[in-house]
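One letter stands for each residue in the lines below.
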Amino acid sequence: MKRLLLVLFIVSIVFTSCQTKTKVMPADLTAAKVAVTKVLDTHWSAVKAKDANAVMALLTDDVLSCGSDSKEFWSKTDMSNTIKQMFANTSLKIDITIDKRVIRIAKDGNSAIALEQMFMKSYCKKIPVRNIYHLVKVNDIWQFDFTSVSFIPNNEDIEKLNKALE
């Protein structure tokens, strides 16, 4: 019995050592950052063109989008309806200049967090807006699976805002 176990142990070691080792190539984080930048730029081009279908094509099916209002938690369907309604407003002028953009790619190159800070003049000329995104690679295509839009007042303006809301 001991001999059989010893033989099986030796056979398993030989079998394991003869297996082909697959080499995992490190992710090209620079290329991933370029690709994510392109998705962000494509997003804003579609928004400025009021092309709801192009915006929706950038989202995963299970996207969660948080709007600037505390009650806004949207699925892809909710977001589609909201965007179509917003883009139908002919008086809406989309005037956005991104002041800051930060992109962080995960070490495996399959997900990223991006942040953009700007003024959305059609909504508020005095309080900056920060968009935060989580992007994932789905079949080698980068898509948003989470977005969040927040107004971010400067610390020195918070007391003024609190008084204005009384």
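Everything below is about the structure printed above this text.
Bear in mind the structure is a predicted one, so any value in this text is a computation, not a measurement.

Could you give me a rundown of the overall build of the chain, with the residues and numbers involved?
In terms of helices and strands, the chain carries five helices and six strands. Walking the chain from its N terminus toward its C terminus, one meets helices and strands in the order α-α-α-β-β-α-β-β-β-β-α. Within the chain, buried positions represent 29% of all 166 residues. Sequence-distant contacts in the chain: of pairs separated by 6 or more residues, those separated by 24 or more amount to 50%. Surface accessibility of the chain: about 11700 Å² in total, with carbon and sulfur atoms responsible for 58%.

Give me the packing of aromatic side chains: which residues, what numbers.
Evaluation of the coordinates by the stated rule reveals one aromatic pair. On the numbers, 5.0 Å between centres and 45° between planes, the contact of Tyr133 with Phe144 is tilted. Here Tyr133 is found in strand β5 (residues 129-138), whereas its partner Phe144 is found in strand β6 (residues 141-151), with 11 residues between them in sequence. Each member of the pair, Tyr133 as well as Phe144, carries the same accessibility label: buried.

Quick rundown of the pairing of strand β4 (residues 111-120)? Include the residues and the values.
Across nine bridges, strand β3 (residues 96-105) lies against β4 in antiparallel orientation. Opposite Ile105, over in β4, you have Ala112 as the bridge partner. Between the antiparallel neighbours β3 and β4 lie five residues, among them Gly109 with a positive phi of about 75°. With eight bridges connecting them, β4 and β5 associate as antiparallel partners. If you follow Ser111 over to β5, its bridge partner there is Val136.

Report on the sheet that holds strand β1 (residues 59-66), specifying residues and quantitative values.
A sheet is described by the order of its strands in space; here six strands give the open sequence β2-β1-β6-β5-β4-β3, paired in mixed fashion. In this open sheet, the two strands that pair with only one neighbour each are β2 (73-74) and β3. Contacts from helix α4 (residues 76-88) reach β1, β2 and β6, with the element oriented near 70° to β1.

Hey, could you go over the side chain of Ser111 for me, with residue numbers and the actual values?
By the element assignment, Ser111 lies in strand β4. When sequence neighbours within four positions are dropped, the list of residues in contact with Ser111 reads Arg104, Ile105, Ala106, His134, Leu135, Val136 and Trp142.

Before we move on, could you go through the pairing of β5 and cite the residues and values that matter?
Where β5 lies against β6, 10 bridges are found, and the strand directions are antiparallel. Bridging across to β6, His134 finds its partner in Phe146. The hairpin turn running from β5 into β6, its antiparallel successor, is two residues long, and Asn139 in that turn takes a positive phi close to 50°.

With reference to specific residues and values, describe the nonpolar core.
Grouped together as the largest cluster of nonpolar side chains are 29 residues, with contacts concentrated most on Val36, Leu135 and Phe144. No other element matches the seven residues that helix α2 (residues 29-48) contributes to this core. The residues touching Leu135, leaving out its near neighbours within four places in the chain, are Val36, Val39, Asn110, Ser111, Ala112, Ala114, Trp142, Gln143, Phe144 and Asp145.

Any details on the environment of Asp157? Residues and values, ideally.
Take Asp157: it is sitting in helix α5 (residues 155-164). With relative accessibility at 22%, the residue Asp157 sits in the partly exposed group. Asp157 sits 30 residues away from Ile127 along the chain, and the two C-alpha atoms are 9.1 Å apart.

Which residues make up α4, and what are the values?
Since the α-helix packs 3.6 residues into each turn, any two residues three or four apart lie on the same face. Along its 13 residues, α4 runs 18 Å from first to last C-alpha, staying within 8% of the 18 Å computed at 1.5 Å per residue. Restricting attention to buried positions, one finds in α4 the residues Met79, Ser80, Ile83 and Phe87. Looking down the long axis of α4, one finds its buried residues gathered within 100° of arc, a one-sided arrangement. Residues of α4 that are exposed and point more than 90 degrees away from the buried face comprise Thr77, Gln85 and Ala88. The inward-facing, buried residues of α4 abut α2, α3 (52-56), β1, β2 and β6.

Cut-offs applied
Residues numbered from 1 in each chain as written. Predicted model: local features only at pLDDT ≥ 70, side-chain atom pairs only at ≥ 80, totals over all residues. Heavy atoms only, no water. Helix = DSSP H or I, 4+ residues; strand = E, 2+ residues; numbered from the N terminus. Buried < 20%, exposed > 50% of the residue type's maximum accessible area, 1.4 Å probe, protein only. Contact = heavy atoms within 4.5 Å. Areas by Shrake-Rupley, 256 points an atom, 1.4 Å probe, with all protein chains shown as cover. Phe/Tyr/Trp six-rings, centres within 6.5 Å; stacked < 30°, edge-to-face > 60°. Pairing = 2+ DSSP bridges. Axes fitted to C-alpha atoms, helices over the stretch in contact; angles between N-to-C directions. Core = buried A, V, L, I, M, F, W, Y, C linked by side-chain atoms within 4.5 Å. Expected span 1.5 Å × (residues − 1). Arc of directions from axis to C-beta.

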